[in-house]
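Notes for the structure review
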Amino acid sequence: MEIDLSKISLRPFKLEDADDFFLFAGDDQFTMNLRWKTLTSKQEALDHIKDVCIPHPWRRSICIDDRSIGFVSIFPFSGEEDKFKANFGIGVAVKYWGQGIATRAAKMAVSQFFVDFPEVVRLEAYVDVENLGSQRVVEKAGFQKEGVLRKYAYVKGKLRDLVLYSFLSTDFQAEAEGCLP
Amino acid sequence: MEDTSVVQLHQNKPEDECPNLSLRPLDVSDIDAFMVWATDEKVARFCTWEPYTNKEDGLSFIKNTIVPHPWLRAICIDDRPIGTISVTSNSGNDKCRGELGYVLASKYWGRGIATRVVGMVAETIFDEWPHLERLEALVDVENLGSQRVLEKAGFQREGVLRKYVVLKGRSRDMVMFSLLSTDHCPT
């Protein structure tokens, strides 16, 4: 099922997305590298949208024909010292993997985010060393690999090596001017 | 501009060998020793703070930050403080990591003291904190002296984190180093 990438759009989440949200977030494979637990009911999906997605500083639903098939989140750090940095996360429904959808959504999200948050200088993504799919997504979206941080944090109770990627606001400007791939 | 932070790579002279180095808590009675490095702009260069200009501020810092710190020790020669070394702690999913930091009075730079003291801390911190898996340190890309200290102490350089901190109003690239509880320290 080839998806026409021009049909991919980003928009805020709505309560009406609960069914679609449960479809992708109810899958263990989807949540494997996220901190979230796999959702077990439509009610949990509704609660997650209401309590997490909607109040979030910048979370968008990745949509095909306006139906939600994933999310992209960018979370600015709090505190005076860290508000110039933000954390990037993304997830696409398992059935849509391997078609360039996440990469496309990531590029769109980064462009929009630097416009919405002009004070953010550094966007970071932490990706499990074993999560090759997500590493490819962020690399193709233009993030730069900075290094592997060994035994950096626990995710779902397991100590992980995480690859750290960054995308700077200056990378974004350079890319917009055609100086970077 | 002279880079005064570069560690001089000379052969250790006999008088440099084995000064009586020790670690102990620091308290307000150490204020005069503290002011020696705290007022030094060479020392403050890569630190978040500006050189101290009065004792009251120094006393406040010792009382409010140093004394309650989860793990901070004075670096001493013959029990006289010449700097400090500390490890931060984290909670929850981040409790596996602690961040190392140190300052040393500039008169004592270039003699391998920081390297030895980092080694001393690396030897004990994983035993004192069994939940600690990773000791990390972030060093300004221009702070070649401290990069050398950590390399000699057996830390692994993981990469350069671009514009990772804002230090004194400027974005700085930082080198990330780590030492795991499972790594071996060079003797």
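Before any of the text, the structure's been laid out above.
On a predicted model such as this, the values are computed, not experimentally measured, just so you know.

Here's the deal with helix H5 (residues 132–140) of chain A
Each full turn of the α-helix corresponds to 3.6 residues, which orients residues three or four apart in the same direction. Residue and element names in this part refer to chain A. Turning to H5, its buried residues are Gln135, Val137 and Val138. Along the axis of H5, the buried residues cluster in a sector spanning 160°; they form a single face. Tucked into the core, H5 has its buried residues touching strand S4 (85–92), helix H4 (101–116), strand S5 (122–128) and strand S7 (158–168).

Some remarks on the interface of chain B and chain A
Listed per partner, the contact involves 25 residues of chain B and 24 residues of chain A. Carbon and sulfur atoms supply 48% of the area that chain B and chain A bury against each other, a total of about 2,000 Å² over both sides. Contact with chain A buries surface across chain B, with B:Arg162, B:Lys163 and B:Tyr164 losing the most and accounting together for 34% of the total. Where chain B touches chain A, the interface holds five salt bridges. Residue B:Glu133 is joined to A:Lys151 by a salt bridge in which the shortest nitrogen-to-oxygen separation is 4.0 Å. At the boundary of chain B and chain A, one finds 11 residue pairs in polar contact (both at pLDDT 80 or more). The element that contributes the greatest number of residues to the side of chain B that touches chain A is strand S6 (residues 156–167) of chain B, accounting for 10 residues. In terms of residue class, the side of chain B that touches chain A is built from nine nonpolar, six polar and 10 charged.

Some words on the pairing of strand S7 (residues 170–180) of chain B
Residues and elements named next belong to chain B. Among the 11 residues of S7, eight are classified as buried, and the element is accordingly described as predominantly covered. Of the strand pairs in this sheet, strand S5 (residues 134–140) and S7 are connected by seven bridges, and their pairing is antiparallel. Residue pairing across strands places Leu138 opposite Met176, the latter belonging to S7. Hairpin geometry of S6 and S7 is characterised by an intervening segment of two residues between the two adjacent antiparallel strands and by a positive phi of about 50° at Lys168.

A word on the packing of aromatic side chains
Counted under the stated rule, the structure contains 20 aromatic pairs over all chains. Members of the aromatic cluster, joined through ring pairs, are A:Trp58, A:Phe88, A:Phe113, A:Phe114, A:Phe117, A:Phe143, A:Phe167 and A:Phe172. For the cation-ring pair, A:Arg60 lies above A:Trp58, with the distance from its terminal atom to the ring centre recorded as 4.4 Å. Lying over the aromatic face of A:Tyr152, B:Arg97 brings its terminal NZ or CZ to 3.8 Å of the ring centre.

Conventions used here
Residues numbered from 1 in each chain as written. Chains lettered and ligands numbered in written order. Predicted model: local features only at pLDDT ≥ 70, side-chain atom pairs only at ≥ 80, totals over all residues. Heavy atoms only, no water. Buried < 20%, exposed > 50% of the residue type's maximum accessible area, 1.4 Å probe, protein only. Helix = DSSP H or I, 4+ residues; strand = E, 2+ residues; numbered from the N terminus. Arc of directions from axis to C-beta. Contact = heavy atoms within 4.5 Å. Buried area = accessible area lost by both parts, 1.4 Å probe. Salt bridge = Lys/Arg side-chain N within 4 Å of Asp/Glu carboxyl O. Polar contact = N/O pair within 3.5 Å; in protein donor to acceptor, adjacent residues only side chain to side chain. Nonpolar A, V, L, I, M, F, W, Y, C, P; charged D, E, K, R; others polar. Pairing = 2+ DSSP bridges. Phe/Tyr/Trp six-rings, centres within 6.5 Å; stacked < 30°, edge-to-face > 60°. Lys NZ or Arg CZ within 6 Å of the ring centre and 35° of its normal.

Nothing here speaks to function; it is geometry throughout.
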